[in-house]
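Single-letter residue listing:
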Amino acid sequence: ATQLPPWGMVFYNNLLGAVPALAFALVSEVPDTASWAAAQTAMYTALIPVSLSCMLGVAVSYFQLNTRKVISAAAFMVLGVANKLLAVLLN
């Protein structure tokens, strides 16, 4: 078991996920048809949803790691499957 505090584990997990994401971002190409003004408008339009998504992702990761410490592995798995089933039913 690791001795990292919950926030340390959250940042470690997100750092491990960010490295491949940055690599893919560096090798992907921006379409030539997008003008500079359109790109700037799209960037500001997406700023709030992307920021909100990042904050919610960190919050989910934090609560997931705290829950994992409190309940057993089997109970955590059942909770995850029930959550996915609920998400499918709601969609």
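Notes on the structure in this doc start here.

The rules behind the values
- Residues numbered from 1 in each chain as written.
- Predicted model: local features only at pLDDT ≥ 70, side-chain atom pairs only at ≥ 80, totals over all residues.
- Heavy atoms only, no water.
- Helix = DSSP H or I, 4+ residues; strand = E, 2+ residues; numbered from the N terminus.
- Patch = residues over 30% accessible without salt bridge, like charges linked within 9 Å, V, L, I, M, F, W, Y side chains within 5 Å.
- Areas by Shrake-Rupley, 256 points an atom, 1.4 Å probe, with all protein chains shown as cover.
- Salt bridge = Lys/Arg side-chain N within 4 Å of Asp/Glu carboxyl O.
- Phe/Tyr/Trp six-rings, centres within 6.5 Å; stacked < 30°, edge-to-face > 60°.

**Brief notes about the environment of Ala59**
Turning to step 1, where the next piece is worked out: Residue position: Ala59 is located in helix α2 (residues 36-70).
Turning to step 2, where the next piece is worked out: Linking Ala59 and Val10, residues 49 residues apart in sequence, is a C-alpha distance of 8.9 Å.

**Describing a nonpolar patch on the surface**
Turning to step 1, where the next piece is worked out: Where nonpolar side chains cluster on the molecular surface, the patch consists of Leu4, Tyr12 and Leu16 and spans about 300 Å² of accessible area.
Turning to step 2, where the next piece is worked out: Inspection of the secondary structure assignment puts Leu4 in the segment before α1 (6-27).

**Observations regarding the packing of aromatic side chains**
Turning to step 1, where the next piece is worked out: Tallied over the full model, the rule gives three aromatic pairs.
Turning to step 2, where the next piece is worked out: For the pair Trp7 and Tyr62, a centre-to-centre distance of 4.5 Å together with 20 degrees between the ring planes defines the contact as stacked. Of this pair, Trp7 sits in helix α1 while Tyr62 sits in helix α2, and the two are 55 residues apart along the sequence.
Turning to step 3, where the next piece is worked out: Linked through ring pairs, Trp7, Phe11, Tyr62 and Phe63 together constitute an aromatic cluster.

Nothing here speaks to function; it is geometry throughout.
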